[in-house]
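Read off the chains here:
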Amino acid sequence: MIRPGKARTGLMAMAMAFALVGGSAIGVVAQDKVTLNMISMAQAGMTPDEMNAVIVEFVALNPNVEIVPEYVAYDALHDKIATGMAAGQSPFDIMLVDDIWFPEFAEAGWLKDISADVPPEMLADSSPAAWDIVSYNGAQYGLPWLLDQLYFYYNADMLAAAGFDAPPTTWEEMLTQAQAMQEQGIAESPVVLALGQIEASITELVVFLYGAGGAFFDEAGAPVFNSPEAVAAVQWLVDGIASGLINPASTTYGEEDVRNTMSAGKAAFGVNWAYMLDLANNPDESTVAGQIQMAVMPVFQSGKDAGIESASNNGSMGFGVSAGSEHSAEALAFIEYLTSKDVQKRYAAHVTPLWTSLYADPELLAAQPVLLDMFAKQWPTAHVRPKVPYYIELSQTLQVALQEALIGAKSPQQALDGAVAVAVELAGQQ
Amino acid sequence: MTSSATPDRPTPRRRRHVPDSAVGWAMVAPTVLFLIAIFAYPLITTALTSLQKVKLSNPGKSTFIGLENYTDFLAAPAFWQAVGRTAYFTVVSVGVELMLGLAIAAFINRRFAGWRFLRLAIIIPWAVPTIAVATMFRWIYNADYGALNGLLFQLGAIDRYVPWLNDPFAAMNWVIVADVWHSTPFVVLIAIAAMAGIPNELYEAARIDGASKWQSWWRVTMPMLRGAILVVLVVRTVEAFRVFDIIYILTGGGPANGTLVISYVAYQETFRFFNMGRGAAVSFLISLFVLLIAMVYLKVLATRTGEAR
C-alpha cells in the first residue's frame, strides 16, 4: 500500500521530469540546428586540429550547422564506414573514402551521386586524374581531397659517388646504375620496393604495369593483367630480386620499411608516397638527411618506345556525402568548402591542392618548391587501381599472385593467369 | 519456533507453497538469460548466417543457400591447404612446447640454487601479450636490422643478412619459434605443479630398485604426469589450432599465403571481403575440427590415465 504522501512525491517527480524533457525538446526544435556526422582519418593529410579549425570556420559562416567529427586510423576507416552503413542507420553524413573503396560504396548505395553538384570552376581548374579518384561508372561520388601518388626517390650522394650525374629515366637504366653501385660497394642491394603481401604491393604493381604499357582492364572491362607486357614487368621484378640488385627482403616490405632502408643509407633507389620526402631528409629520422631527392618515375624501355613518358600510381582519397543523409545539402556545402581554392591554399603544406592553378602559385612554390613541382610533373601520368566493387578480393588475389611469382613458387605467367581467372569469377558473381 | 502438538518432534520448518526447484530456477534465471544472450544468441545467428549468402555491403540481399558455403570450402583445395598448414603449426608447435616444457620443468625440479627465481622468470614470455611477442619477433627476424641476423652475422654463421621470412615454409617455422617461446612457460608451470605432487617415496623406491635417472623419469615421473600432460595437450592444441594474432602481426598470412592458417581465412572472409556467410561457415568448420581434436584426446588419453591410476 503506497502511503498518500509517497504517491504525491512520486507524481511531482514525474511531472518535473516531463517538464525538463519537454522543455529541452522544445528548445531543440526552436533552434532548427542541423547536425552532421563526419568520419575522417587521423593520419596523413590535415591533422585533426587543422580539420577542426576548418570546421569552426564553416560553422561561423553557417551558424545553423553543427559538425561532429570522428577521426580514426586509415586501417579502421573502411571497416567503420562499412559496418556503420551496413547497419542501415546512415550514421555518417560526410565520409572520407579511399579511391579504391568508391566503387564498393557506390555499388552498395552508400554514397550520393553528386555529379550534378560539382562546382564548374573546380572541374575547369583540375586535372582528370583528380576526378579518377571519385568516379565510378561515369558518375562522381565525392570531391577529391587528399591527393597523393607514388614518387621515385633516389639518393643523390650515392648516385654521384657511383659516377652518374642524373637519375635514371628507365628501369633498365636504374638497374645499370644499381649494378655499378653494387660493384663499387656503395650499396649491396641498391633498390628497395614495397612488395610485401599488402595493399602497397598493388600500388607499386600499377607503376610497373603501366610503365610497361600494360593495364589492369581493357576498354571492354576484361582483365588483361596477364598480357605479355604485364608478364614482362613482373619477370623484370623477379630477375631484379634474384640478382640481388632489388633488395630480396622487398617481398616482405611495406612503405615504412622502404623509408627506413633508404633513411639508413642502405638503398639508393626506392618508390614511396609524398610523406617520405620530409622524413628521409630530417636529421632526427634519417642518417642520410639532405641526400634523398625525387625524380620523375622511370618506365620500361619498351614503354618509352611506345611513347609512355612516365607512369605512377594515384592513391588518393575523397570526401563523399552519404546517400541516406537527411542533410545532404549542408554536407555537400561543407565538403565544397573544404575543397575550395582558398582553404586548400592555406593547408597546402599537408594536402596537395586539386586546383591546377595553385601549382604555379608563387607563395606555395616558395614554401614547397620540390614537392609541388614534382607533383605537377607526375600527376598527369598517375593511374588509379582498378575501379571495381570487388576490388578488395581482387587485390588480395593479386597480392598472393605477385608474391608467388616473386618468390618463385609460380612463373609470372602462371601466377597472373590464375589471378585473371579469379577476377573473371569475381566479376561473374556481381 | 512454532508451537506444536508433540513436543519431541518439531514441525517441518519449511512450509512452502513453492517447490524448491522453482526457487532454484528463479535464482539462476538471470545468469541463464545472460548466458543465452552472450553465447546462444550469437551462436544461433552465426549458424543461420552461415546458411546464407550475405555480403555486408548488401545486407538486404542475403539469400538462403543451405550448406553451399560449407561445401564450397570443403571442395576448395585452398581451404584444405590452410587446414594442412594449421595442422602442421599445431603438431610442431605443441610437440616442441611439450618436450621443451617438460625438460625445463624437470630441470627446475632439481631445486638447484636459485630455482625459485628461474620458476618466476620463466613466466615472463607467457605474460607478454601475444601482440607484443609478435611485434618483437617481427623486429628480431627483420631482414635489414634484425637481432637474429645481427647475432648470426657476428658469430660468423652467415656472411650476409638473410630475409628469414621470405620463404613460405621458413616463415611458418619462424612463427612456430615465436609461438614456442611464448607458450612453453604454460607447459612448464603445469608440469612443475604436477611434479610437486609426486611423492618422494616413489623416487626413493625407484633408486633402491636400481633405476637410473632416465628410467625413474620414464617409469615414475611420466606416468604421474599423465593427467597434467592431458590438460596441457588439450589446452595448447585447441589454442594452437585457432592461432591468429601472432600470424596477423608477424607475417600477415604471407609470404604467398605460406602462413595462411584457418583462423586467418575466417578473418579474411569476414572482415576483409565482408562475406559474412562464408566467414560464419569457416568459423563453424574450425569449431568442428577443434571439437574433434578435443574428443580424440579425451578418448585416447583419459582412458590411459584411468588405467594408470
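None of these values were measured; they are calculated from a predicted model. (Residues numbered from 1 in each chain as written. Chains lettered and ligands numbered in written order. Predicted model: local features only at pLDDT ≥ 70, side-chain atom pairs only at ≥ 80, totals over all residues.)

**Points about the overall build of chain B**
Phase 1 of the analysis: When helices and strands are counted, chain B shows 13 helices and two strands.
Phase 2 of the analysis: For a compact globule of 309 residues, the expected C-alpha radius of gyration is about 19 Å, and chain B comes in at 27 Å, more than 25% above that figure.
Phase 3 of the analysis: Along the three orthogonal principal directions, the C-alpha set of chain B runs to about 100 × 75 × 30 Å.
Phase 4 of the analysis: The burial tally for chain B puts 28% of its 309 residues in the buried class.
Phase 5 of the analysis: For chain B, the proportion of contacts with a sequence separation of at least 24, taken over those separated by at least 6, is 69%. (Helix = DSSP H or I, 4+ residues; strand = E, 2+ residues; numbered from the N terminus. Rg over C-alpha atoms; globule rule 2.2 N^0.38 Å. Buried ≥ 20, exposed ≤ 12 C-beta atoms within 10 Å, placed from the backbone. Contact = placed C-beta atoms within 7 Å.)

**Digging into the sheet that holds strand β8 (residues 191-192) of chain A**
For sheets, the rule is that strands pair by backbone hydrogen bonds, running either parallel or antiparallel.
All names here are of chain A.
Phase 1 of the analysis: Strand order in this open sheet of four strands is β8-β9-β7-β10, and the pairing throughout is mixed. In this open sheet, the two edge strands, each paired with only one partner strand, are β8 and β10 (292-295).
Phase 2 of the analysis: As paired strands, β8 and strand β9 (residues 269-272) are joined by two bridges and run parallel to one another. Directly across from V191, in β9, lies its bridge partner F269.
Phase 3 of the analysis: Running over the sheet, helix α11 (residues 255-263) touches β7 (151-155), β8, β9 and β10 and is turned about 145 degrees from β9. (Pairing = 2+ DSSP bridges. Axes fitted to C-alpha atoms, helices over the stretch in contact; angles between N-to-C directions.)

**Re the domain arrangement of chain A**
Residue and element names in this part refer to chain A.
Phase 1 of the analysis: Each domain of chain A was delimited in the assignment, giving domain 1 (33-147 + 315-383) and domain 2 (151-158 + 190-313 + 390-428).
Phase 2 of the analysis: Taking the mean C-alpha position of each, domain 1 and domain 2 sit 27 Å from one another.
Phase 3 of the analysis: Taken together, the contact pairs 13 residues of domain 1 with 16 residues of domain 2.
Phase 4 of the analysis: Contributions of two or more residues to the side of domain 1 that touches domain 2 are made by α4 (102-107), α17 (369-378) and β13 (382-383).
Phase 5 of the analysis: Residue composition of the side of domain 1 that touches domain 2, grouped by class: seven nonpolar, four polar and two charged. (Domains from an automatic or database assignment. Nonpolar A, V, L, I, M, F, W, Y, C, P; charged D, E, K, R; others polar.)

**Digging into the packing of helix α18 (residues 391-406) of chain A against helix α19 (residues 412-428) of chain A**
Residues and elements named next belong to chain A.
Phase 1 of the analysis: Where α18 contacts α19, the two axes come as close as 8 Å, and the packing angle between them is 170 degrees. In terms of axis orientation, α18 runs roughly antiparallel to α19. Together, E393, L394, T397, L398, A401, E404 and A405 of α18 and P412, A415, L416, G418, A419, V422, A423 and L426 of α19 make up the contact between the two elements.
Phase 2 of the analysis: Across the contact of α18 with α19, the residue classes tally to 11 nonpolar, two polar and two charged. (Parallel < 35°, antiparallel > 145°, perpendicular 65-115°, else oblique.)

**As for the interface of chain B and chain A**
Phase 1 of the analysis: If you look at the interface, chain B gives 20 residues, while chain A gives 23 residues.
Phase 2 of the analysis: Of the residues belonging to the side of chain B that touches chain A, the class tally is 10 nonpolar, seven polar and three charged.

**Overview of the sheet that holds strand β12 (residues 317-321) of chain A**
Residues and elements named next belong to chain A.
Phase 1 of the analysis: Pairing is mixed across the open sheet formed by five strands, whose spatial order is β2-β1-β3-β12-β6. The open sheet terminates on both sides in strands that have one partner only, identified here as β2 (65-72) and β6 (143-146). Going across the sheet, the axis of each strand differs from the next one's by a mean of 30 degrees, ignoring polarity.
Phase 2 of the analysis: Here strand β1 (residues 34-41) runs beside β2; their pairing, made up of eight bridges, is parallel. Of the residues in β2, the one forming a bridge with M38 is P69.
Phase 3 of the analysis: Sitting on the sheet, helix α2 (residues 48-61) is in contact with β1 and β2, with an inclination near 170 degrees to β2.
Phase 4 of the analysis: Of the strands in this sheet, β1, β2, β3 (94-98), β6 and β12 touch helix α14 (residues 328-338), which is tilted by about 155 degrees from β12.

**Section: unusual backbone geometry**
Phase 1 of the analysis: A positive phi is found at B:R111, a non-glycine position, where the angle reads about 55 degrees.
Phase 2 of the analysis: The residue B:R111 is located in the loop between α3 (77-109) and α4 (115-121) in this model.

**Here's the deal with helix α1 (residues 20-50) of chain B**
Phase 1 of the analysis: A maximum bend of about 45 degrees is found in α1(B) at B:A29, where proline B:P30 lies one to four positions downstream.
Phase 2 of the analysis: Burial runs low along α1(B): only two of the 31 residues are buried. (Bend = angle between axes of the 7 residues up to and from the residue.)

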